[in-house]
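Commentary on secondary and tertiary structure
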Amino acid sequence: MRTAFRKVWRDLWNNKGRTLLVVLSIAVGVLALGMITASNNLMTRQMVVAQVASHPSNVAMSLGGQIDEQTIKSLARLPGIGEAEGLAVFGLRWKPTLEAEWQQATIIALDDYDRQLFDVVELRTGAWPASGAVDVEFNHVGPYSVPGLGGTLYFEVNDRPKPFTVNGTLRDPQQAPPPFTEQATFYVTRDTLVQLGGPSAFNRLRFTIPVYTEAEAQRLADVVEKRLNKQGLAVGFATLQDPQRHLLQDLMDGVGLVLTVMAVLSLGLSTILVVNTINAVIAQQVPQIGIMKTIGGLSPQIATLYLAGVAVYGVLSLAVAVPLGALGANGLAGWMLQLINVPAAPFEVLRPALLYQLGAGLLTPLLAGAYPVLQGVSISVREALNAYGLGSGRYGLRLIDRILGSLAGLPRMTTLALRNTFRRLGRVALTQVTLVAAGAIFMMVLSTHHSFNETILQIFRGFGYDVIIGFSQPQRINEIIPLIEAQPNVAHAEMWLFLGAPGHVPGTSGPGSEYDVALRGIPADTELYVPELTAGRNLDPADGHALLLNQKLARRMGLEVGDSLVFDFGPAGESTYTIVGLIFDLAGNDQNTAYIHRETLNADLNQVGRASVAEIRVAENTLAAQQAMETDLRDYFRTLGIGLSYTDTAAEIQANANAQFSILTTLLLIMTFLIAVVGSFGLSGTLSINVLERRREIGVMRAVGASSADVAFIFVGEGMLLGVLSWLAAVPISLFAGRYFVDALGVVIDFPAVYHYSLQGVWLWLAIVLALSLLASWLPARRATQISVRESLAYE
Amino acid sequence: MASANPLVHVDNVVKDFQGPAGVIHVLKRVSLAVNEGEFVGVRGPSGSGKSTLINMITGIDRPTSGRVQIAGQPIERMTENQLARFRGKHIGVIFQFFQLLPTLTVVENVMLPMDFCRMWKPRERFPRAMQLLEQVGLSDQANKLPNTLSGGQQQRAAIARALANDPPLLMGDEPTGNLDSHTADKVFTLFQGLVAQGKTFIMVTHDVELARRMPRLIEVADGVLHEATGQPA
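Residues numbered from 1 in each chain as written. Chains lettered and ligands numbered in written order. Predicted model: local features only at pLDDT ≥ 70, side-chain atom pairs only at ≥ 80, totals over all residues. Heavy atoms only, no water.

1. A few points about the overall build of chain B
Scanning chain B for helices and strands turns up seven helices and ten strands. Taking 17 Å as the expected radius of gyration for a compact globule of 233 residues, we find that chain B reaches 17 Å, a close match to that expectation. On the principal axes, the C-alpha backbone points of chain B span a range of 45 × 40 × 40 Å. Here chain B holds 233 residues, and 55% of them are scored as buried. Carbon and sulfur atoms make up 50% of the accessible area of chain B, which totals about 10000 Å². The centroid of the 24 positive side-chain charges in chain B is displaced by 6 Å from the centroid of its 22 negative side-chain charges. (Helix = DSSP H or I, 4+ residues; strand = E, 2+ residues; numbered from the N terminus. Rg over C-alpha atoms; globule rule 2.2 N^0.38 Å. Buried < 20%, exposed > 50% of the residue type's maximum accessible area, 1.4 Å probe, protein only. Areas by Shrake-Rupley, 256 points an atom, 1.4 Å probe, with all protein chains shown as cover. Lys, Arg positive; Asp, Glu negative; His and termini not counted. Charge placed at Lys NZ, Arg CZ, Asp CG, Glu CD.)

Set out below in structure tokens:
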């Protein structure tokens, strides 16, 4: 059989174009599988490594006041607590040069950079902060144009720019690069923070527990909060952190799952393409199969030959897919890790991913080729030797043939292209599967992007504000509103009361019963807020202790419309509210918002007419106008000596939210691109095989006067027609399946977006598929024009 | 004259084909006996059934009814794999268009049947193939690919391949049909030489000159066989 195997190798070598096509078809699917599985593993592993290396705290609390070292030490002595540490965080304005505009920044001061207990920040370049010198989160240097090492930047102190030297860059595991953050973060000594006007003690507390469980961490967070409340100190929010699990692990797992599904889909479509191609290869080899049977070849022997050829395709595909997959995996993992501020690992080829690729690369073509090969070699000698390879001479007998045959009035060449397209229905169907899948997925991904953006837009429309101003202390509403409304370009202003408070279900107590809720006290006659209701009704002006609860928080607490929630307002006591509606709301810490009447909240807090946030609608609603309003109001309140904790514009918040989701849609589009490549390979392969099978016809056409353009037109026409047909099939599929895709993705990333179909995606895909079809048909068409009359009519 | 044990025995074979217009009776109860060492020509107009007759004898096709025995073996009842193996060992087929595998060299084409039928020890196959090529005058073209050879050379290579497993019976379906007259004559002389060596040869031909040189000629007309003397075959 050694001689026969030489035929296998030479068939592959002598048909390099076809071999390359099959190899690349397999390689795309194997590459996708390897790249995604490896990158998922690399990311997960690196996230755990980074998490453990940073010695994460288990509970991080933001405080409504300051605590000193004594207090921290006493808290650390509470039963169940391991170690405790404080840090100070302060908001301030800065600019990179004297001429630049002021920007908001976060300033963090640690007690001792050399002896950090947990959430360790690593020095990357330069030195730790010193007197007159600051460090910066290294991910923020470029995006926020922070000067380089040794450069000078300016902080706003007493309304004047005060210069500081950039002393170093560091990596803070708690910080993320844009678009997941909106401002630069700087690191200073505690003394420097006081010089900048920041707190002299600590307004953040972190601690660890010896053996972490979520329930125990929550219990101790409640204990510490109660202890602080007794000292007259409010706690803003508490974040729990599993030491073995990165904060964003769930999100990354979800994204990884989606990408894995698409990679498997890509492999599946590659397999279909391989089936189609090997079908055609065997069809061409039928006369040779007949000869081999005539001279003594058994079906199993001949099948072994062809399956060996298929195995060679698989091995060659691995030569392409394995190195590219490793490069892609490390690149993708590095990029995604950089997004969440986790250092990437050195380049590595992971054994599990390699094994998946080896298995897929070898088994996929063999499984795909088994049926066509076995069917092909089972043909009888007589049929094999008499085969013409043009649908067994059956054209004209099928219904579709008769329908197409009855079409009149079209130019002859167009008619030929149209009828030729449907000569091999099975082959057309398999080709269409990959193209239709690529098109449907592309349109679904664009619809997903559109749905996310529209949902975000809808949510922000519901907020109604263009500019938001947070005050350091609650202000008198009747003093602030006139000040704001006196400014030019203000269409409307309202004051809301923001407060973080622990809430629990009535009758529950103990560890895990309390949840941090971001309360929003809104005016009863609010013009700005339109809730995105998922159940129940909106607040009525006549409502007393009624509540709109974030649906995500409600789900966590097991609450529904009609249930009650008790809030602990510390010294002001507890108050019970009834849920009248559930809302979809992106705000808060992990969507923990609740909306109640401002005056009801003020009454519960034993205060009157106070609010902590101003929300303003701008008359001329452009980004520039919003930013100008934000700057003007900030400067104005500063001149009045009214302290601000933050300011922002809706456009920038929305842009950040969109940018975060864009990352997901970018990843999905990368996978869609791979699928589209498989589809165009399929089309090109089908057309190439059609050219080979119709050599005699081409020769005859040439003999009776067809020009090269005529011949090329037939095959290009076929290709374009197949492309358009796939688009027509993909549109309704994407419209129907897109809803489920968005819903499923929403579950994975915990963002229940409202489905919006993207018409732009429909037209964009039409343009893409026409371009792909043209590209895919160009080479086969060119080959067809190069067939000479003599060569084609002498061909056997 | 047929011996008691002819090498080829076709007995009352009927072959019908189902066409779009109905049943076509291609062979109508034909019988034929060919003894060992005979050189038999088969001639007839297009559509007369001569290629079908050859296909019956080579087992490429099966009769609708009747029996076909080669070397005493009834081949019409064999499975495809049994037929392939039997054919590889007992029948050498030579086609009009040579049908060499294009991606194997001449010597590899000749060795291929030996590989399939596991005839000769592996290290004997190459020398035997070269010997056969020597016999047909192609030993200097052994490592060439078929497409680089002339029609006559390709046909001689096909003859060498047909002899690979030393079959007793050789079948040619218009083996000189694609050759010029001079080359056809040379190839025919080869066939005569093989018959002289004891092979049995049945050959379909259109060539009047070659037909005249056949010791025995069967005429096929309308699905019925006649000896060239006018007697039924």
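That was the structure; now back to the text.
2. Some points on the overall build of chain A
Of the regular secondary structure elements, chain A holds 21 helices and 20 strands. Seen through its principal axes, chain A has C-alpha atoms that stretch 100 × 60 × 55 Å. Put simply, chain A has 796 residues, and 54% of those count as buried. Within chain A, contacts between residues at least 6 apart in sequence are counted, and of these 82% link residues at least 24 apart. (Contact = heavy atoms within 4.5 Å.)

3. Some thoughts on the interface of chain B and chain A
Listed by partner, the interface residues are 28 residues for chain B and 26 residues for chain A. Here chain B meets chain A over a buried area of about 2600 Å², counting both sides, of which 60% is carbon and sulfur. Run the count over chain B and chain A and you get three salt bridges. As a salt-bridge pair, R10 of chain A and E108 of chain B come within 2.5 Å of each other at their nearest N and O atoms. Where chain B touches chain A, the interface holds nine residue pairs in polar contact (both at pLDDT 80 or more). Elements supplying a minimum of two residues to the side of chain B that touches chain A: α2 (80–90) and α3 (106–117) of chain B. Of the residues contributing to the side of chain B that touches chain A, the split by class is 14 nonpolar, five polar and nine charged. (Buried area = accessible area lost by both parts, 1.4 Å probe. Salt bridge = Lys/Arg side-chain N within 4 Å of Asp/Glu carboxyl O. Polar contact = N/O pair within 3.5 Å; in protein donor to acceptor, adjacent residues only side chain to side chain. Nonpolar A, V, L, I, M, F, W, Y, C, P; charged D, E, K, R; others polar.)

4. Some remarks on the sheet that holds strand β9 (residues 216–221) of chain B
All names here are of chain B. Read from one edge to the other, the open sheet built from six strands follows the order β6-β7-β8-β3-β9-β10, with strand pairing classed as mixed. Looking along the sheet, the strands with just one partner apiece sit at the ends: β6 (91–94) and β10 (224–227). Here the strands of the sheet are splayed against their neighbours by 20 degrees on average, with no regard to which way each runs. Bridge count between strand β3 (residues 39–43) and strand β8 (residues 200–204): four bridges; the pairing is parallel. Following the sheet pairing, F39 is matched in β8 by F201. Relative to β6, α2 is tilted by about 85 degrees, and along the sheet it contacts β6 and β7 (169–173). (Pairing = 2+ DSSP bridges. Axes fitted to C-alpha atoms, helices over the stretch in contact; angles between N-to-C directions.)

5. Considerations on the pairing of strand β9 (residues 202–207) of chain A
All names here are of chain A. Taking burial as the measure, the six residues of β9 include five buried ones, the bulk of the element. Judged from the five bridges that link them, strand β1 (residues 59–67) and β9 form a sheet pairing that is antiparallel. Residue pairing in the sheet places S62 in a bridge with R204 of β9. Relative to β9, strand β2 (residues 84–95) is paired through four bridges, and the arrangement is antiparallel. Bridge pairing in β9 places G86 opposite L205.

6. Quick word on a nonpolar patch on the surface
All names here are of chain A. A surface patch of nonpolar side chains, about 400 Å² in accessible area, is lined by L324, L327, F347 and V349. With respect to the helices, strands and loops of the structure, L327 is situated in helix α7 (residues 299–339). L327 gets classed as exposed once you look at its relative accessible area, which sits at 53%. (Patch = residues over 30% accessible without salt bridge, like charges linked within 9 Å, V, L, I, M, F, W, Y side chains within 5 Å.)

7. Description of the packing of aromatic side chains
Taken as a whole and judged by the stated rule, the model has 18 aromatic pairs over all chains. On the numbers, 5.1 Å between centres and 85 degrees between planes, the contact of F471 of chain A with F637 of chain A is edge-to-face. One end of the pair, F471 of chain A, is in strand β11 (residues 467–476); the other, F637 of chain A, is in helix α16 (residues 623–639), and 166 residues separate them in sequence. Look at F191 of chain B and F201 of chain B: their rings are 4.3 Å apart centre to centre, the planes differ by 45 degrees, and that puts the pair in the tilted class. Linking F191 of chain B in helix α6 (residues 181–196) with F201 of chain B in strand β8, this pair joins segments that are ten residues apart in sequence. Residue classification places F201 of chain B among the buried positions, given a relative accessible area of 0%. Each residue in the set W94, F155, F164 and F186 of chain A is aromatic and connected to the rest through ring pairs, giving one cluster. For K16 of chain A, the ring lying beneath its charged end belongs to W13 of chain A, and the centroid distance is 4.2 Å. Taking NZ or CZ as reference, R520 of chain A lies 3.8 Å from the ring centre of F498 of chain A, over its face. (Phe/Tyr/Trp six-rings, centres within 6.5 Å; stacked < 30°, edge-to-face > 60°. Lys NZ or Arg CZ within 6 Å of the ring centre and 35° of its normal.)

8. Some points on the confidence of the model for chain A
The pLDDT averaged across chain A works out to 86; a share of 94% of its residues lies at or above 70. Ranking the elements of chain A by mean pLDDT puts helix α21 (residues 789–793) of chain A last with 59 and strand β15 (residues 546–550) of chain A first with 96. (pLDDT = per-residue confidence, 0-100.)

9. Examining a positive patch on the surface
Residues and elements named next belong to chain A. On the surface, a cluster of positive charge is contributed by K73, R77, R227 and K230. For K230, the position within the fold is in helix α5 (residues 214–230). Relative accessible area serves as the criterion here: at 74%, K230 is assigned to the exposed category.

10. Looking at the sheet that holds strand β4 (residues 65–70) of chain B
One key point about sheets: their strands pair by backbone hydrogen bonds, in either a parallel or an antiparallel sense. Residue and element names in this part refer to chain B. Taken in spatial order, the four strands of this open sheet run β2-β1-β4-β5, and their pairing is antiparallel. Whereas interior strands pair on both sides, the edge strands pair on one side only; in this sheet they are β2 (22–34) and β5 (73–74). Two elements, strand β1 (residues 8–19) and β4, share five bridges in a ladder whose sense is antiparallel. Within β4, the position partnered with V10 by the bridge is V68. Across the sheet, helix α1 (residues 50–58) lies against β1, β2 and β4, angled at about 60 degrees from β2, the strand it touches most.

11. Details of α7 of chain A
Residue and element names in this part refer to chain A. An ideal rise of 1.5 Å per residue puts 60 Å on 41 residues; α7 measures up with 56 Å between its terminal C-alpha atoms. Its maximal kink placed at L318, α7 deviates by approximately 25 degrees. After α7 finishes, the residue N341 shows a positive phi value of roughly 60 degrees. (Expected span 1.5 Å × (residues − 1). Bend = angle between axes of the 7 residues up to and from the residue.)

12. With respect to unusual backbone geometry
Residue and element names in this part refer to chain A. Its identity is not glycine, yet D119 carries a phi of approximately 50 degrees, on the positive side. With respect to the helices and strands, D119 occurs in the loop between β3 (103–110) and β4 (122–126). The exposure class assigned to D119 is buried, which follows from its relative accessible area of 2%.

13. Section: the pairing of β2 of chain B
Residues and elements named next belong to chain B. Bridge analysis of β1 against β2 gives nine bridges, and the strand direction is antiparallel. Across the sheet, residue G19 finds its bridge partner in β2, namely G22. Where β1 hands over to β2, the hairpin turn is made up of two residues, counted between the paired strands.

14. Re the nonpolar core
One finds W765 of chain A together with V8, L53, I57, I70, L169 and I202 of chain B to be the most contacted residues of the largest nonpolar core, which totals 161 residues. Apart from the residues within four sequence positions on either side, V8 of chain B is in contact with L32, A33, V34, I57, Q69, I70, L169 and I202 of chain B. (Core = buried A, V, L, I, M, F, W, Y, C linked by side-chain atoms within 4.5 Å.)

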